[in-house]
Amino acid sequence: MPRRFPRVPDTREDVRGRYAAGMPLPDSTVRLLERMPKAELHLHLDGSLRIDTAIEIARSRGVDAPLTWHGMSGVLVGPPRSADQAALLGAFDLPIALMQDAEALERITAELVEDKAADNVRYVEIRWDPLLHVGGGLPLAEGIEAVVAGAERAARATGTAVRLTCTAIRSHEPEANARLAETAARFRDRGLSGWDYAGQEARYPDPRVARRAFDAARAGGLHITLHAGEWGGAPQVRRALEMDPERIAHGPGTADDAALMAELRTRGICLDLCPTSNAQAMIVPSVAAHPLARLHRAGVPVTLSTDDLTVSDLTLSEEYRNVVERTGLTLPELWAIDRFALDVAFAEEATLAPLRAQFAAWGAGIHELTAE
Ligand SMILES: [Zn+2]
């Protein structure tokens, strides 16, 4: 039986109550979604700490934080609704304070892979900003090395394939982000395959200020993605396109702009969507109102992820259930989106082809996944 991530009952019920819009799925379907092999492309390391681990690290490093499970979860789990994206980002302050040495980074990365493997996520991309973890004196390359080592160890132990993405933060100086890209690219042969750009979008709306960092990442062989549309809707997604990404993190506002949808379709640029997280940040009014199904049916490439295991208190199986229960996405559509993630993943064919075959073999003969 896969290990269950510890839950926060009060918050969870609140989320369920506020977001409930459809009929609950039968238990047999819930179990099917748990067993389903899954691929997750949009997941932040610092939003995904185990509560027990956070308490242990706070205690051993003398970090000022609640030392009870309830107290710690109250800080690390984001509220069901925040005022906006910037407010939800406050949930990352304590995790970052706890992740300032190599041992903590290595452990937290490995545990996240273990938790994803227990949820039958067979391919996962984990992203983080190494520059946020050097405040305690940890050299940048050593911090990256620790995350790489944790990912490698847990991938071997669980069989889940892992790739890492380096996330630059909008508020950093462009020069610092450019140096980060150069350092990150040195780890390309060890599974660090992606480059991302994230952070407070309303305050730092224009990704072009980081063009040199994007150029350095591309020159270093990294795949390009960036966050967009957590504020500002479709125009922010258009702005992101100027960086020529392969994928965009979020961007649900694309659904309001038919020409933009057509452009993403034509260019094959994928949106890595996270409905519950978007509802938490008030980017969409509710999971039920999220345009995932509409975008998919319009032929826009999309994948489905949680964004954060702990901040959203959410497994990927639960998010799969949420979208089927609340957005009207059918099981065959969900299964197609799940497998499609392996077509846009930032990994090489030698890793992805066997995973595609495993997924197909698992789904063969399961009537609910193929019947229209
Ligand atoms: Zn994200």
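Residues numbered from 1 in each chain as written. Predicted model: local features only at pLDDT ≥ 70, side-chain atom pairs only at ≥ 80, totals over all residues.

Participant: Sorry if this is basic, but what is going on with helix α3 (residues 51-61) here?
Facilitator: Residues that lie three or four places apart on an α-helix share one face, since the helix turns once every 3.6 residues. Along α3, the residues that are buried comprise I51, A54, I55 and I57. Seen along its axis, α3 keeps its buried residues to an arc of 170 degrees; they face one direction. Exposed positions of α3 whose direction lies more than 90 degrees from the buried face are D52, R59 and S60. As for α3, its buried residues are in contact with α4 (69-76), α6 (93-98) and α7 (102-118). Of the residues trailing α3, G62 is marked for its positive phi of about 70 degrees. (Buried ≥ 20, exposed ≤ 12 C-beta atoms within 10 Å, placed from the backbone. Helix = DSSP H or I, 4+ residues; strand = E, 2+ residues; numbered from the N terminus. Arc of directions from axis to C-beta. Contact = placed C-beta atoms within 7 Å.)

Participant: Which parts of the structure should I look at to understand the nonpolar core?
Facilitator: One recurring pattern in soluble globular proteins: nonpolar side chains tend to sit buried together. Judged by nonpolar contacts, the single largest core of 107 residues is most densely connected at L76, I126, A181, A184, A213 and A217. Here I126 is in contact with L43, L45, T109, L112, A151, V162 and L164, once residues within four sequence places are set aside. (Core = buried A, V, L, I, M, F, W, Y, C linked by C-beta atoms within 7 Å.)

Participant: In this structure, what is going on with the sheet that holds strand β3 (residues 161-169)? I would like to understand it.
Facilitator: Two modes of strand pairing occur in sheets, parallel and antiparallel, and in both the strands are linked by backbone hydrogen bonds. If you trace the eight strands from one edge of the open sheet to the other, you get β1-β2-β3-β4-β5-β6-β7-β8, paired in parallel fashion. Both edges of this open sheet fall to β1 (38-40) and β8 (302-304), since each of them pairs with a single strand only. Between one strand axis and the next, the sheet turns through 25 degrees on average, direction left out of account. With six bridges connecting them, strand β2 (residues 121-128) and β3 associate as parallel partners. In the sheet register, W128 faces β3, and the bridge partner there is C166. Set on the sheet, helix α9 (residues 174-185) makes contact with β3 and β4 (192-198); between it and β3 the angle comes to about 160 degrees. Sitting on the sheet, helix α11 (residues 233-241) is in contact with β5 (223-228) and β6 (247-250), with an inclination near 160 degrees to β5. (Pairing = 2+ DSSP bridges. Axes fitted to C-alpha atoms, helices over the stretch in contact; angles between N-to-C directions.)

Participant: Looking at this model, I keep getting lost on the pairing of β3. Mind explaining?
Facilitator: Regular strands have side chains that alternate between both faces of the sheet. β3 sits mainly inside the fold: eight of its nine residues count as buried. On the question of chirality, the crossover connecting β2 to the parallel β3 by way of helix α8 (residues 140-158) is right-handed. Note that β3 and β4 share six bridges and pair parallel. Pairing of T167 across the sheet is with D196, part of β4. (Right-handed = clockwise from strand over helix to strand, strands pointing away.)

Participant: How do you make sense of the pairing of strand β7 (residues 270-273) when you look at a structure like this?
Facilitator: With burial as the criterion, each face of β7 is covered, one bearing C270 and D272 and the other bearing L271 and L273. Relative to β7, β6 runs parallel, the two being bridged by three bridges. For A249, the partnering residue across the bridge sits in β7 and is D272. Where the polypeptide runs from β6 across helix α12 (residues 258-267) and back to β7, its parallel neighbour, the crossover connection is right-handed. Pairing analysis gives three bridges linking β7 to β8, with the strands arranged parallel. Along β8, the bridge assignment pairs L273 with L304.

Participant: Got a minute to help me understand α12 in this structure?
Facilitator: Here α12 has its buried residues at L260, M261 and L264. The buried residues of α12 occupy an angular sector of 105 degrees when the element is viewed end-on, so they sit on one face. Residues of α12 that are exposed and point more than 90 degrees away from the buried face comprise A258, A259 and T266. Buried residues in α12 make contact with α11. A positive backbone phi angle near 70 degrees is found at G268, which sits one or two residues after α12.

Participant: Would you take a moment to explain unusual backbone geometry for this structure?
Facilitator: Excluding glycine, residues mostly have negative phi values, and the peptide bonds linking residues are mostly trans. Unusually for a residue other than glycine, D244 sits at a positive phi of about 55 degrees. Structurally, D244 can be placed in the loop between α11 and β6. Overall, D244 belongs to the exposed group, with 11 C-beta atoms counted inside 10 Å. You will see that D307, though not glycine, has its phi angle at about 80 degrees, which is positive. Take D307: it is sitting in the loop between β8 and α15 (316-326).

Participant: Is there a simple way to explain the confidence of the model for the protein chain in this structure?
Facilitator: When pLDDT drops low, the exact placement of atoms in the prediction is not to be read closely. Averaged over every residue, the pLDDT of the protein chain is 93; the share at 70 or more is 94%. A low-confidence stretch, residues 1-21 (pLDDT under 50), is modelled with 27 contacts involving residues beyond four sequence positions or located in other chains. (pLDDT = per-residue confidence, 0-100.)

Participant: Just to check I follow, could you spell out the packing of α7 against α8 for this structure?
Facilitator: Geometry of a packed helix pair, given as the angle between the helix axes and the separation of the axes. At a closest axis distance of 7 Å, the pairing of α7 and α8 adopts a crossing angle of 30 degrees. Here α8 runs roughly parallel to α7, going by the angle between their axes. Note on packing geometry: the crossing formed by α7 with α8 is right-handed. In this structure, α7 contributes A102, L105, E106, R107, T109, A110, V113, E114 and A117 to the contact, and α8 contributes E142, G143, A146, V147, A149, G150, A151, R153, A154, A155 and T158. (Parallel < 35°, antiparallel > 145°, perpendicular 65-115°, else oblique. Left-handed = near helix turned anticlockwise from the far one by under 90°.)

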